[in-house]
Amino acid sequence: MSATASLLAHPRVGRAARAARLRPGAVPALVVVTCAVLAALWPDLLTDHSPDTTAPARALRPPDTEHLFGTDQLGRDVYARVVYGARLSLEIGVGATVIGSVVGTVIGLVAGLGGRAADAVSMRATDVLTAFPELLLALLVITVTGPGTTNVLVSIGVASVPGYARLVRSRALVVRRADFVEAGVALGVSRPALVLRHILPNTVGPLLVLASIGTGTAVVSGAALSYLGMGPRPPAAEWGVMLADGQDFVQTAWWITVFPGLAVAAVVMAVTVLGRTLRERGTEATR
Amino acid sequence: MTAPTRTEPAATGRRARTPLVEIAKLRVDFGTGGRRVRAVDAVDLSVAPGECLALVGESGSGKSVTARALVGLAGPRAHVSCDRMLVDGRDATRFDARAWRGVRGRRIGFVLQDALVSLDVLRTVGAEVAEPLRTHAVVPRGRVHTRVLDLLADAGIPDPARRVRQYPHQLSGGLRQRALIASALAAEPALLIADEPTTALDVTVQAQILDLLADKRAGGMGLLLISHDLAVVSRVADRVAVMRDGVIVEQGPAARVLTQPEHPYTRLLLAAVPSGRTRGRRLSPGPDDTRPEEPTHTPRPGSDPTSVTGPRRTRPAHRDTPLVEAHAVGRSFTDADGSVRDAVREFAVTIHPGEAVGLVGESGSGKTTAARLLLGLVTPDTGTVRFDGRPWSTMPERARRPLRRRLQVITQDPLGSFDPRWSVGRLLGEALGTVGVRRGAARRERTVDLLLRVGLAADHLGRRPATLSGGQRQRVAIARALATEPQVLVCDEPVSALDVSVQAQVLDLLADLRESHGLALLFISHDLGVVHHVCDRVLVMHDGRVVEQGDVDRVFADPEHAYTRTLLHALPGRDLGPGASPAPPPPPPGVAADFLSFRRTDR
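Computed from a predicted model, the values in this text were never measured in an experiment. (Residues numbered from 1 in each chain as written. Chains lettered and ligands numbered in written order. Predicted model: local features only at pLDDT ≥ 70, side-chain atom pairs only at ≥ 80, totals over all residues. Heavy atoms only, no water.)

### As for the overall build of chain A
- When helices and strands are tallied, chain A shows eleven helices and zero strands.
- Starting at the N terminus and ending at the C terminus, chain A contains elements arranged as α-α-α-α-α-α-α-α-α-α-α.
- Within chain A, the fraction of its 287 residues that count as buried is 43%.
- Surface accessibility of chain A: about 14,200 Å² in total, with carbon and sulfur atoms responsible for 67%. (Helix = DSSP H or I, 4+ residues; strand = E, 2+ residues; numbered from the N terminus. Buried < 20%, exposed > 50% of the residue type's maximum accessible area, 1.4 Å probe, protein only. Areas by Shrake-Rupley, 256 points an atom, 1.4 Å probe, with all protein chains shown as cover.)

### Description of the sheet that holds strand S19 (residues 520-525) of chain B
Residue and element names in this part refer to chain B.
- Strands sit in the order S17-S18-S19-S14-S20-S21 across an open sheet of six strands; the sheet is mixed. Looking at which strands have only one partner, the edges of the open sheet turn out to be strand S17 (407-410) and strand S21 (545-551). Within this sheet the neighbouring strands show an average axis-to-axis angle of 15 degrees, counted without direction.
- Here strand S20 (residues 537-542) runs beside S21; their pairing, made up of six bridges, is antiparallel. Counterpart to Leu539 in the pairing with S21 is Gln549. (Pairing = 2+ DSSP bridges. Axes fitted to C-alpha atoms, helices over the stretch in contact; angles between N-to-C directions.)

### Comments concerning the domain arrangement of chain B
- Domain boundaries assigned for chain B yield domain 1 (115-188) and domain 2 (324-332 + 340-557).
- Using C-alpha coordinates to define each centre, domain 1 of chain B is positioned 41 Å away from domain 2 of chain B. (Domains from an automatic or database assignment.)

### Notes on the UniProt feature "domain: ABC transmembrane type-1" (unreviewed entry) in chain A
- Here the UniProt-annotated "domain: ABC transmembrane type-1" (unreviewed entry) positions come out as residues 86-275 of chain A.
- Along residues 86-275 of chain A one finds 84% helix and 0% strand; the C-alpha atoms at either end are 19 Å apart. (UniProt positions renumbered as here; feature names shortened; annotations may be inferred.)

### Some words on the interface of chain B and chain A
- Between chain B and chain A, the contact holds 22 residues from the first and 17 residues from the second.
- At the boundary of chain B with chain A, total buried surface from both sides reaches about 1,800 Å², with 58% on carbon and sulfur atoms.
- Taken together, chain B and chain A are joined by two salt bridges.
- Glu430 of chain B serves as the salt-bridge partner of Arg197 of chain A, at 2.8 Å between the closest nitrogen and oxygen.
- Linking chain B with chain A are nine residue pairs in polar contact (both at pLDDT 80 or more), by the criterion used here.
- Of all the secondary-structure elements, those providing two or more residues to the side of chain B that touches chain A are S17 and helix H16 (424-434) of chain B.
- Residue composition of the side of chain B that touches chain A, grouped by class: seven nonpolar, five polar and ten charged. (Contact = heavy atoms within 4.5 Å. Buried area = accessible area lost by both parts, 1.4 Å probe. Salt bridge = Lys/Arg side-chain N within 4 Å of Asp/Glu carboxyl O. Polar contact = N/O pair within 3.5 Å; in protein donor to acceptor, adjacent residues only side chain to side chain. Nonpolar A, V, L, I, M, F, W, Y, C, P; charged D, E, K, R; others polar.)

### What to know about the pattern of salt bridges
- In this structure the tally under the stated criterion is 37 salt bridges over all chains.
- Here Asp127 of chain A makes a salt bridge to Arg124 of chain A, at a shortest N to O gap of 2.9 Å. Here Arg124 of chain A and Asp127 of chain A lie together in helix H5 (residues 116-131), a separation of three residues that amounts to about one turn.
- The closest approach of N and O atoms between Arg554 of chain B and Glu560 of chain B, which form a salt bridge, is 3.7 Å.
- On the basis of relative accessible area, Arg554 of chain B is assigned to the partly exposed category, the value being 27%.
- Classification of Glu560 of chain B by relative accessible area gives exposed; the value is 57%.
- Linked through salt bridges whose partners overlap, the residues forming this network are Asp120, Arg123, Glu128 and Glu131 of chain B.

### Some words on the environment of Asp551 of chain B
- Its place among the elements puts Asp551 of chain B in strand S21.
- Considered as a pair, Asp551 of chain B and Cys535 of chain B are 16 residues apart in the sequence and their alpha carbons are 8.6 Å apart.

### Things to note about the confidence of the model for chain A
All names here are of chain A.
- For chain A, the mean per-residue pLDDT works out to 85, and 90% of the residues sit at or above 70.
- Across chain A, the element-wise mean pLDDT spans from 48 in helix H1 (residues 2-9) up to 92 in helix H4 (residues 78-113).
- For residues 1-8, every residue scores under 50 in pLDDT, and the model assigns this stretch four contacts once sequence neighbours within four places are set aside. (pLDDT = per-residue confidence, 0-100.)

### Concerning the side chain of Ser122 of chain A
All names here are of chain A.
- As for its position among the elements, Ser122 is in helix H5.
- On the basis of relative accessible area, Ser122 is assigned to the buried category, the value being 11%.
- Those residues in contact with Ser122, other than ones at most four positions away along the chain, are Ile107 and Ala111.

### Focus on the UniProt feature "domain: ABC transporter" (unreviewed entry) in chain B
- According to UniProt, the feature "domain: ABC transporter" (unreviewed entry) maps to residues 18-270 and 324-568 of chain B in the numbering used here.
- What you have in residues 324-568 of chain B is 36% helix and 26% strand, and the ends, taken at the C-alpha atoms, are 28 Å apart.

### Some points on the UniProt feature "transmembrane region" (unreviewed entry) in chain A
- Mapped onto the present numbering, the UniProt feature "transmembrane region" (unreviewed entry) falls at residues 25-42, 92-113, 207-229 and 249-274 of chain A.
- The span residues 207-229 of chain A carries 91% helix and 0% strand; its end-to-end C-alpha distance comes to 31 Å.

### Observations regarding the nonpolar core
All names here are of chain B.
- Formed by 128 residues in total, the largest nonpolar core has its most connected members in Val240, Ile478 and Phe523.
- Ranked by residues supplied to this core, first place goes to helix H19 (residues 500-517) with eight residues.
- Residue contributions to this core reach at least three from each of two domains, namely domain 1 (115-188) and domain 2 (324-332 + 340-557).
- When near neighbours in sequence (up to four residues on either side) are disregarded, Ile478 contacts Ile410, Val454, Val506, Leu509, Leu510 and Leu513.
- Formed by 35 residues, the second largest nonpolar core is a distinct cluster that contains Leu45, Val47, Ala67 and Leu70. (Core = buried A, V, L, I, M, F, W, Y, C linked by side-chain atoms within 4.5 Å.)

### A word on helix H9 (residues 191-227) of chain A
All names here are of chain A.
- For H9, spanning 37 residues, the distance from its first C-alpha to its last is only 47 Å, which falls clearly below the expected 54 Å at 1.5 Å a residue.
- Most pronounced at Leu200, the bend in H9 amounts to some 40 degrees, and the proline Pro201 follows within four residues.
- Phi turns positive one or two residues past the end of H9, at Gly229, with a value near 85 degrees. (Expected span 1.5 Å × (residues − 1). Bend = angle between axes of the 7 residues up to and from the residue.)

### As for the sheet that holds strand S16 (residues 390-391) of chain B
All names here are of chain B.
- Overall, antiparallel pairing links the four strands, which are arranged S13-S12-S15-S16 in an open sheet. What marks the edges here is a single partner per strand, and that holds for strand S13 (340-351) and S16.
- In this sheet, strand S15 (residues 382-387) lies alongside strand S12 (residues 324-334) in antiparallel orientation, the contact comprising five bridges. Residue pairing in the sheet places Ala326 in a bridge with Val385 of S15.
- Along the sheet, helix H14 (residues 367-375) makes contact with S12, S13 and S15, crossing S13 at roughly 60 degrees.

### With respect to the packing of aromatic side chains
- This structure, assessed with the given rule, holds six aromatic pairs over all chains.
- For the ring pair Trp254 of chain A and Trp255 of chain A, a centre distance of 5.7 Å and an interplane angle of 80 degrees mean the geometry is edge-to-face.
- We classify Trp254 of chain A as partly exposed; its relative accessible area is 42%.
- Ring centres 5.2 Å apart and planes at 80 degrees place the aromatic pair Phe95 of chain B and Trp100 of chain B in the edge-to-face group. Both residues of the pair, Phe95 of chain B and Trp100 of chain B, count as buried. (Phe/Tyr/Trp six-rings, centres within 6.5 Å; stacked < 30°, edge-to-face > 60°.)

What follows is the structure, encoded as structure tokens:
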């Protein structure tokens, strides 16, 4: 009892324990994300099967010890396809988030620091974008650019810009008035240095949290667009494509759609839980 | 009328009556298992009817915990024990929750430390004050409202019929504090415990609150006053108990403790109070004159009373060319409701090299805006500021930036002025960077040098300011300001958030730097004693205007403007008891702001 108490009193241990206690799901979430990242980078570590080898003789087998998640209508190993699919799904999720948050940060900083006119113009523009549901906006972009993995990635990224821009603007408005920024002015620190050294780093903390949660949303949006045939084309191993492929067999071979669906759900939940854990730790640190 | 309460025989006579509260060997511990922290140790206290006992000490000394323990509110994590605890002669150690509720509010009123957040924001002031009346069924239901109005009026709240329907956010800090006191007094408790009732209030409002408390005391109420402010204590207390580290180090009649303290710590506290009398002397004990001692949370008391005062300082001679010249500067702001408010009007000041100019006034009088105008952080609407003969306020920022290093600032809240993610070393490094010190060994060396100059050590480099104590943070702020080797340092309430002994160290440090660097100071404070101690000249601001200025001794001894007189009149510890004649004779020169002066004249 007292040993635990003294252990918890140690600042580092205590902080880690608090974070773990706040989000009991943080550890499984970390495991899921680690697996997804491994699958994306080194899929052959997780499976010996190839995602593309067809074997009509073995088509539509239910899950067994040989094929953990069963096989699809062409006899491809569903487990291998889920593992290999992680790369494309994560690429879209992370890529879209990077585009969205970087562009959003720039627009948000311009709006928050650039003065009244810049603020009005950029914020009204994002207002217009916000009026569309994110997925619809992405569809709109993709209608213009045409389907394809890169285009899906870009369109989801563009669609998520307004959210990031608003967050960065609101933080920038607060931080620019902070005493420590004024202290920098009084010291004679130049304006670009103030923005880069003080305003930007103090703005991106909450942005990182939103971005980690946003990655999950982007993975779902990517899968949705691929399902609609806007993203990577079949026979590519991608979770949304797999859902579309398997939809005719939902009644007879549930495993073709259920496992990629579970993969999307697990990754999204895990990323969201980690994002929330980050947020809680963030608010704790600023307290 | 307060004179009799201060004389010994009257006080003794009162003490002979049954104490309202009496406690022996109070101990309060926090924490569990092996990690117990003793917050209060073996404290003996008693308060008799009509008596005021003041509990004095610095933050963390255990005075608030002691007060809370007296009403059974030390908190769930506190372990309270005592040999004897009597409330109204009854054994309070056997009180259950119900018995305590009968005591709280009815027999013992409690005014919490932070009046600004102690009122329920969703209830009107009237509802707040009515609550104890209803809870304890003090008056019949039908008469509650009239009683509330009486109480608010008694507490000195003007126009109670209107105020009673208002919410806390519609009231000023002073009115809120008075409303809180009104609710604590509603059930006419025999004893009022007031925890820092006037901290954070302007000096004139503070005077009104102290008058109110004195009135109640004259009516037979006992008062346990908790304060870090010795000036306030000297004004109202019959007896004083000085606490440090959970222990009462000295207890006795106020007149004796505050003039002939026996315990070294009391002496140290008293010596650390800045005033006109301490001008040109050190406030903190320090063996080394050029470098301040390593700051400690509890200053080590010297046994020799002379060790707390060092050599007398001399004022630096002023050259003729002023460094800062402001002429007829004005600035207005548009409030949220669209109304235009003049924050500063017709402000003028000149600061010569090496000179210390004080700027005093109440909150909202425009002191900080004036400072920001001088610093070039706010552009004036009218008038000009010149710096070193050059037009400063009209200069484009690009041209002003290289000159900014010569004009630095430290603020009341140093923590807010530091980037929360940065370490001390990096903060100081940035300041050095603005004057061209390149990264690397040279900068590191200079950073350490700066820390040493303000009495910190090299191992503070890696710390974040949030992990430092208040005094250390202010030292870091000063170190950063010094990094650019400024000629003028604007100090905006630099010691207002600090304990008196830490305040003494910081003021001494500023005095040292003034002497060694020929630094000119613009010293903004609401604390007249601090200004009198530090400054050569003083400007009094009221409502955005400078209403009076001149040599500190002259202004404090012989104020010309009515507002200055009000400020000085309201200063606690002056020979102005509550109910004294409204227009007192001018005090003798040199002792005007000396809070101990009335003790001397008493004797």
